[in-house]
Amino acid sequence: MINYLYHANEPYPEIRVENKNQYYAEILMDDYAGFISEFSAVSQYMYHSLKSVKSIEYLSNMWRNISIVEMHHLDILGQLITLLGGKPIYRGSFSTSCQYWNGNFVYYGDNICNQLNADLKSEYQAIYNYENHICMIDDKYIRENLKRIILDEQIHVKYFESAIKKFC
């Protein structure tokens with residue numbers, strides 16, 4: 001169940017595409033399972049949640065809930081990739097040498113402050129990547145979905161910034 005504090009209030013757009021387009025599917029693969037991706041974020045935030053569960057319950061819950069929102073983004077991107085004619089497997093696009101996702105994509109960190117700072121940096125990079133992909137993709141439905149995902153990522157930035165101020 002998604003805690004509604006961790007995502008934007010605006011509804012998600014319909015998941016559809018104008019036409020099949022393998023090139024667009026490849027672009028979205030970076031967002032799906034590249035180094036800075038939804039799959040990496042889900043894995044990283046869940047790890048951070050599990051590591052902090054005994055020390056700071058607030059942070060553990062925050063990471064877990066943000067991870068759930070990122071899972072929703074992963075689902076949206078996977079559906080878009082499929083509709084575009086691609087295969088939503090756990091690897092980046094051709095621009096990242098088709099590297100398959102692996103545990104080295106997760107920043108594990110050795111303390112809460114390092115983890116929070118890495119997570120904040122990842123959110124900023126994800127927003128930057130989505131903005132670039134919006135410019136590269138000429139499909140109004142995909143662009144609407146990416147813009148909506150950005151709204152959630154901006155909320156995550158605020159949570160991470162607040163947690164850094166409070167705990168670091």
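To start, this report covers the structure provided alongside it.

What counts, and where the lines are drawn
- Residues numbered from 1 in each chain as written.
- Predicted model: local features only at pLDDT ≥ 70, side-chain atom pairs only at ≥ 80, totals over all residues.
- Heavy atoms only, no water.
- Disulfide = S-S within 2.5 Å.
- Helix = DSSP H or I, 4+ residues; strand = E, 2+ residues; numbered from the N terminus.
- Expected span 1.5 Å × (residues − 1).
- Polar contact = N/O pair within 3.5 Å; in protein donor to acceptor, adjacent residues only side chain to side chain.
- Contact = heavy atoms within 4.5 Å.
- Salt bridge = Lys/Arg side-chain N within 4 Å of Asp/Glu carboxyl O.
- Buried < 20%, exposed > 50% of the residue type's maximum accessible area, 1.4 Å probe, protein only.

Brief notes about the state of the cysteines
One pass over the full model with this rule turns up one disulfide. Covalently, Cys113 is tied to Cys168 through a disulfide, its sulfur atoms 2.3 Å apart. Taking the sign of the S-S torsion, about -115 degrees here, the bridge from Cys113 to Cys168 comes out left-handed. Of this pair, Cys113 sits in helix α4 (residues 112–136) while Cys168 is found in the segment after α5 (140–167), placing the two residues 55 residues apart along the sequence.

Quick word on α4
For α4, built from 25 residues, the straight-helix expectation of 36 Å at 1.5 Å per residue is met to within 8% by its first-to-last C-alpha distance of 36 Å. Of the residues that open α4, the one with a side-chain oxygen 3.0 Å from the backbone nitrogen of Cys113 is Asn111.

Structural notes on the environment of Ser37
Along the polypeptide, Ser37 turns up in the loop between α1 (22–33) and α2 (38–52). Setting aside residues up to four positions removed in sequence, Ser37 forms contacts with Asp30, Asp31, Tyr32 and Trp101. Of the polar contacts made by the side chain of Ser37, one reaches the backbone oxygen of Gly34; its length is 2.7 Å. Here the side chain of Ser37 touches Ser40 through a polar contact of 3.1 Å, landing on its backbone nitrogen.

Some thoughts on the pattern of salt bridges
Pairing between side chains of opposite charge can happen when the charged atoms of each approach one another. With the rule as written, the count across this model stands at three salt bridges. Where Arg91 meets Glu26, a salt bridge forms, and the shortest distance between an N and an O atom there is 3.1 Å. Of the two residues, Arg91 sits in the loop between α3 (57–83) and α4 while Glu26 sits in helix α1, which places them 65 residues apart along the sequence. Judged by its relative accessible area of 9%, Arg91 falls in the buried class. Using a relative accessible area of 11% as the deciding quantity, one classes Glu26 as buried. Between Arg148 and Asp152 there is a salt bridge whose closest N-O contact spans 2.7 Å. Of this pair, Arg148 and Asp152 both sit in helix α5, four residues apart, which is roughly one turn of the helix. Take Arg148: its relative accessible area is 4%, and that puts it in the buried class.

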